[in-house]
Amino acid sequence: MWRYIAGVKRSAEKTSQEEPVDKEAKIKKRFFKERWRKADNGESRDWLVYDETNLTMHCSLCRRHASEEAKTNSFIVGTKNLKLEAIKDHESSKCHIYVMKKAQGKAEPENTAAMKALTSLKTAQMDKMKILFRNAHAIAKKGRPFQDYEWQCKLDEKKGISTGSTYVNRKQARVFIKHIASAERKTLQSKIAAAKFLSIMSDGSTDTAVMEQEMLYTRLCNRGKVEVHFVGIQDVEKADGENIAQAIDNMREVSGEEWQAKLVACATDGASVMTGIRKGVVSRLRGNNMHVLGIHCMAHRLELAFKDAIKSCSMAKQIEDVLSGLHTFYCKSALNRANLKHSFKILGQNPLVPTRVGGTRWVSHLFRAIDHFLRGYQGLTQHLDQIQSPDAEGVNAVQKSKARHYFKTCRDPSFFIFCNFMHDCLTHLSSLSLTLQTSTITVAEVHSCLTATQTVLTKYKTRPGPKLKACIKEHENDDSVLNRVMKAKFELLDKLCQSLQSRFTDMTIGILQATKLVNLNSWPDADRSKEFGESEVEELTTHFQSILTSSGVAVELIPDQWTILKTRLYETGESLHSKTWPEINRSLQAQCPDILSLVDLILTVPASTADCERGFNQMKLVKSDWRSRLTSRSLCDLLTVQLSSPSIENYDPTPAIQLWHQASIRPRRPEFMEGKKNAQESTSETSESDSDEQE
């Protein structure tokens, strides 16, 4: 065929051994170009981020502000399509435009359409929104369900208080509570940003939906004033170190992006998953910041020390068993309970029903049980004697047998005397436990309170307490009973002192021991103050040097400022016991700023996680069996309102209303449903008039 076409030569025949073609080599390699960061109109694309490790680019604004439905967008996940056309397509997409408006509204809220609409709201409309937000705040503050918001608004209408018809439903109640909680978080964010140092307290528990929840509190100190704030709560899929640490890190929305740089200490309940050296939560949060302290809750330590001490004491175990049995005997039977109250009435005494021994606080529960037993001893033994008597009628054999056993044990002199001794010991241990559960208590105060309690317990080895002293006088002739009680007494006191010493070993050495200098009650007299605190200040500045330097503190000036601080405080001639660190900051901040910053750091260290336990008590009241389907986000909002917001009387809804307006791109329409309602009424009136004319 080739010979019939003029001027065309026949192509060379393909050889059978043709070399393979490298398709990857033919693909054009694309690179990210820096000029793409600037648009054609001159505007900067600050949102464009290039990841050199994965060779992808993404939109930082969309990653932060986009909705959950848009999380699969290529510019959110990260795209390898390194083309200018891809950037322009994303720039003009609806998702990006929406996110840009939202980010601009947060940066300049006064220029958004929502804020312009807010400023143009009539006074009547603003008053109406305040009423609605106050109603939503009240139901969240009192732990009521969202449905209560609807009848509250209807009740206001009946009282003559106009609430409108637009936002009177439980869905809007949830939205309003969300923005009320956001306003409180914004206040907390500003406090965290103003603080140089912070510590966190974390604990876990299971809610009514059998979901593991991790709760986080933060402790701040600014110019000597200590504050403890609720940060949030988040559900954890598995309660291991990795998931708990990730849940805490996810709460940086409130605590701020740089919270780890300000972190001083982490307080936990002492579980191995929290305090593990390699994979524990504290180790994960500490990272490379070796100055971060891991604090085992002091209140938990006290409970564990007491539990260790009574474990090997037979008489203490007998008291626990008998008091637990008496609680079951009277609380599970309405008849026994009523007859016991009648017995107290005959004696002319106030009824004291036996209480449970166990609980979240062993010391406090056992102390209350023994206290009720001793104060109601006469009425209790009288009723038990009546039941176990052979002449008792209407009592089954099982009840008689139990009553006979309890009556015999309660009438045993050694049992009664040892109960009085336990009451003396638990009086001080319970008082110490309540002190350790205070929100603003410092490690230095724990040290002094613990030392005082140990001194009292040591004194009881040689001198009886008030309750035991009175009992000994009544049984001074019964040597066998007293010898048995004294043997058990010395055994328990020895075990208790050893347990307290072993559980609180770190309080007498190292950094925790050095923190005692912030306790003004422990300062010596002026004539012995020359060398006071010098070694402690040196040890603290050495340990916390990195975080002090990063926060702008001149570490080298701290020793001299410590001397100046002592001199100025002693020369006033006033008692240091009446002074507080906020007062000292107000008077000496200009002269001793660096040493006072170190004092703030020490005061930031928490002593217990009791606030977390109180938060879990509120959680169980909010997320009850009837509200077990509450989401983690709604639960966090409700707890934020309950634990952080002002009281119902002092609450100001204006900041929450502003956030509610800022969250909308389009202006809010508080009168929307009223307009539709008026239109329907006018339509119905017109139809009625037309029908009347036809008739």
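Please read these numbers as outputs of a predicted model, since none were measured by experiment.

Draft legend 1. Broad picture of the pattern of salt bridges. Under the criterion given, the structure shown has 18 salt bridges. A salt bridge links Lys 623 to Asp 207; the shortest N-O distance between them is 2.8 Å. With Lys 623 in the loop between helix H31 (610-622) and helix H32 (632-644) and Asp 207 in the loop between strand E3 (198-206) and strand E4 (212-222), this residue pair connects regions lying 416 residues apart in the sequence. One exposure class covers both Lys 623 and Asp 207, and it is buried. Measuring nitrogen to oxygen at the nearest pair gives 2.6 Å for the salt bridge that ties Asp 506 to Arg 301. Taken together, the residues Asp 506 in the loop between helix H24 (479-503) and helix H25 (510-514) and Arg 301 in helix H15 (residues 298-310) connect sequence positions 205 residues apart. In the salt-bridge network here, residues are joined through shared partners; they are Lys 191, Lys 225 and Glu 227.

Draft legend 2. Inspection of the side chain of Thr 381 at higher detail. Looking at the secondary structure, you find Thr 381 in helix H19 (residues 377-388). Only 2.8 Å separates the side chain of Thr 381 from the backbone oxygen of Tyr 377, close enough to count as a polar contact. In terms of polar contacts, Thr 381 uses its side chain to reach the backbone carbonyl oxygen of Gln 378, at 3.1 Å.

Draft legend 3. Spatial organisation of the environment of Ile 180. Position of Ile 180 among the secondary structure elements: in helix H9 (residues 170-194). Residue Ile 180 is classed as buried on the basis of its relative accessible area of 1%. Through-space distance from the C-alpha of Ile 180 to that of Thr 654 is 9.6 Å; in sequence the pair is 474 residues apart. Leave out the neighbours within four places in its chain, and Ile 180 touches Phe 133, Ala 136, His 137, Val 641, Tyr 651 and Ala 656.

Draft legend 4. The arrangement of the confidence of the model for the chain in detail. Looking at the chain, the pLDDT average stands at 85 and 88% of residues meet or exceed 70. A low-confidence stretch, residues 681-695 (pLDDT under 50), is modelled with 0 contacts involving residues beyond four sequence positions or located in other chains.

Draft legend 5. Structural view of empty space enclosed by the protein. Under the defined criterion, the tally for this structure stands at 3 cavities of 30 Å³ or more. Within this model, the largest cavity holds a volume of roughly 60 Å³. Around the largest cavity, the lining residues are Leu 323, Phe 344, Leu 352, Val 353, Pro 354, Thr 355, Ala 369, His 372, Phe 373, Gly 376 and Leu 380.

Draft legend 6. Looking closely at the packing of aromatic side chains. For the structure shown, the criterion picks out 19 aromatic pairs. Ring geometry for Phe 133 versus Trp 660: centroids 6.0 Å apart, planes at 70 degrees, classification edge-to-face. Taken together, the positions of Phe 133 in helix H7 (residues 123-141) and Trp 660 in helix H33 (residues 654-662) put the pair 527 residues apart, joining distant regions of the chain. One exposure class covers both Phe 133 and Trp 660, and it is buried. Judged by centre distance (6.3 Å) and plane angle (80 degrees), the ring pair of Tyr 149 and Phe 176 falls under edge-to-face. Here Tyr 149 is found in helix H8 (residues 148-158), whereas its partner Phe 176 is found in helix H9, with 27 residues between them in sequence. The pair Tyr 149 / Phe 176 is uniform in exposure class, with both members buried. Directly above the ring of Phe 146 sits Arg 627, whose terminal nitrogen or CZ lies 5.5 Å from the centroid.

Parameters at a glance
- Residues numbered from 1 in each chain as written.
- Predicted model: local features only at pLDDT ≥ 70, side-chain atom pairs only at ≥ 80, totals over all residues.
- Heavy atoms only, no water.
- Salt bridge = Lys/Arg side-chain N within 4 Å of Asp/Glu carboxyl O.
- Helix = DSSP H or I, 4+ residues; strand = E, 2+ residues; numbered from the N terminus.
- Buried < 20%, exposed > 50% of the residue type's maximum accessible area, 1.4 Å probe, protein only.
- Polar contact = N/O pair within 3.5 Å; in protein donor to acceptor, adjacent residues only side chain to side chain.
- Contact = heavy atoms within 4.5 Å.
- pLDDT = per-residue confidence, 0-100.
- 1 Å grid on protein atoms, 1.4 Å probe; cavity = no way out; pocket = protein on both sides within 12 Å on 5 of 7 lines; lining within 4 Å.
- Points joined across faces, edges and corners; volume = space filled by probe spheres on them.
- Phe/Tyr/Trp six-rings, centres within 6.5 Å; stacked < 30°, edge-to-face > 60°.
- Lys NZ or Arg CZ within 6 Å of the ring centre and 35° of its normal.

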